[in-house]
Amino acid sequence: AQKVTQAQTEISVVEKEDVTLDCVYETRDTTYYLFWYKQPPSGELVFLIRRNSFDEQNEISGRYSWNFQKSTSSFNFTITASQVVDSAVYFCALSEHFASSASKIIFGSGTRLSIRP
Amino acid sequence: DTGVSQDPRHKITKRGQNVTFRCDPISEHNRLYWYRQTLGQGPEFLTYFQNEAQLEKSRLLSDRFSAERPKGSFSTLEIQRTEQGDSAMYLCASSLGSNTQYFGPGTRLTVL
């Protein structure tokens, strides 16, 4: 069955520290997408990244970086030099394909990140 | 570029009442999805439309739930005879084909 596990329920760090959010997934699909979404206190889910299962290159976007390792079924997210505005719940997610060629997203339970000034 | 919008943002209702939520997707997006998120959990898929056709429904979508997308544009999600267990955030997302799903701000439902 498709599953996403975010073992870290809550993380609290001091501003400017680096922090890594862990994500492990299970899938029976040979082709799939992995995602990270951010949910700030306002509640809206903000898309951060989508990664194709065939593309194992790590990605960096400003202070954000993602480490995809297919061999360990992990897709970890690192925030460098964290800021208070990074405080949010972060969801790792996985696509699951329908027969109709579309897909739904399977979300993990989220990691609540608090950045203390 | 207008994102996904949802209305209302908050709804408080009494048990047994019917409620209806609306979602307006990003204008060129042909796929529309509904998810439900309970406190402390990630969103869970409810149903999916491609244009006006409802192609997938989760087992979470009981007979009291119905969704429509009459002209392939906006969508409505109706819950009949609400129960306290229906209290949740209802999220709508849209995508252009198999591209990334973008989410709206959600409708928070509280059933008293």
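Because the structure is a prediction, the values reported are computed rather than measured. (Residues numbered from 1 in each chain as written. Chains lettered and ligands numbered in written order. Predicted model: local features only at pLDDT ≥ 70, side-chain atom pairs only at ≥ 80, totals over all residues. Heavy atoms only, no water.)

### Regarding the interface of chain A and chain B
- At the interface, 20 residues of chain A touch 22 residues of chain B.
- Note on chain A versus chain B: buried area summed over both sides is about 1700 Å², and carbon and sulfur give 55% of it.
- Our count for the chain A to chain B interface comes out at five residue pairs in polar contact (both at pLDDT 80 or more).
- For the side of chain A that touches chain B, the secondary structure elements donating two or more residues are β5 (33–39), β6 (46–52) and β11 (103–107) of chain A.
- In terms of residue count, β11(A) provides more of the side of chain A that touches chain B than any other element does, four residues in total.
- Looking at the side of chain A that touches chain B, its residues break down into nine nonpolar, eight polar and three charged. (Contact = heavy atoms within 4.5 Å. Buried area = accessible area lost by both parts, 1.4 Å probe. Polar contact = N/O pair within 3.5 Å; in protein donor to acceptor, adjacent residues only side chain to side chain. Helix = DSSP H or I, 4+ residues; strand = E, 2+ residues; numbered from the N terminus. Nonpolar A, V, L, I, M, F, W, Y, C, P; charged D, E, K, R; others polar.)

### A short note on unusual backbone geometry
- For the bond running from D7(B) to P8(B), omega is -5°, close enough to zero to count as cis.
- Structurally, P8(B) is set in the loop between β1 (5–7) and β2 (10–13).

### Some words on the state of the cysteines
All names here are of chain B.
- Taken as a whole and assessed by the stated rule, the structure comprises two disulfides over all chains.
- Residue C23 pairs covalently with C92 via a disulfide, S to S 1.8 Å. In this structure, the disulfide formed by C23 and C92 twists by about -65° around the S-S bond and is classed as left-handed. Here the residue C23 occupies a position in strand β3 (residues 19–24), and C92 occupies one in strand β9 (residues 88–95), the gap between them amounting to 69 residues. As far as the burial class goes, C23 and C92 line up, both buried. (Disulfide = S-S within 2.5 Å. Buried < 20%, exposed > 50% of the residue type's maximum accessible area, 1.4 Å probe, protein only.)

### Examining the pattern of salt bridges
- Evaluation of the coordinates by the stated rule reveals seven salt bridges over all chains.
- D86(B) is paired through a salt bridge with R64(B); the nearest N and O atoms lie 2.8 Å apart. Residue D86(B) is located in the loop between β8 (75–79) and β9, and its partner R64(B) is located in the loop between β6 (53–57) and β7 (65–68); the two are separated by 22 residues in the primary sequence.
- The class for R64(B) is buried, based on a relative accessible area of 12%.
- If you follow the salt bridges from partner to partner, you end up with R51(A), D55(A) and E59(A) in one network. (Salt bridge = Lys/Arg side-chain N within 4 Å of Asp/Glu carboxyl O.)

The values are spatial; any link to function lies outside them.
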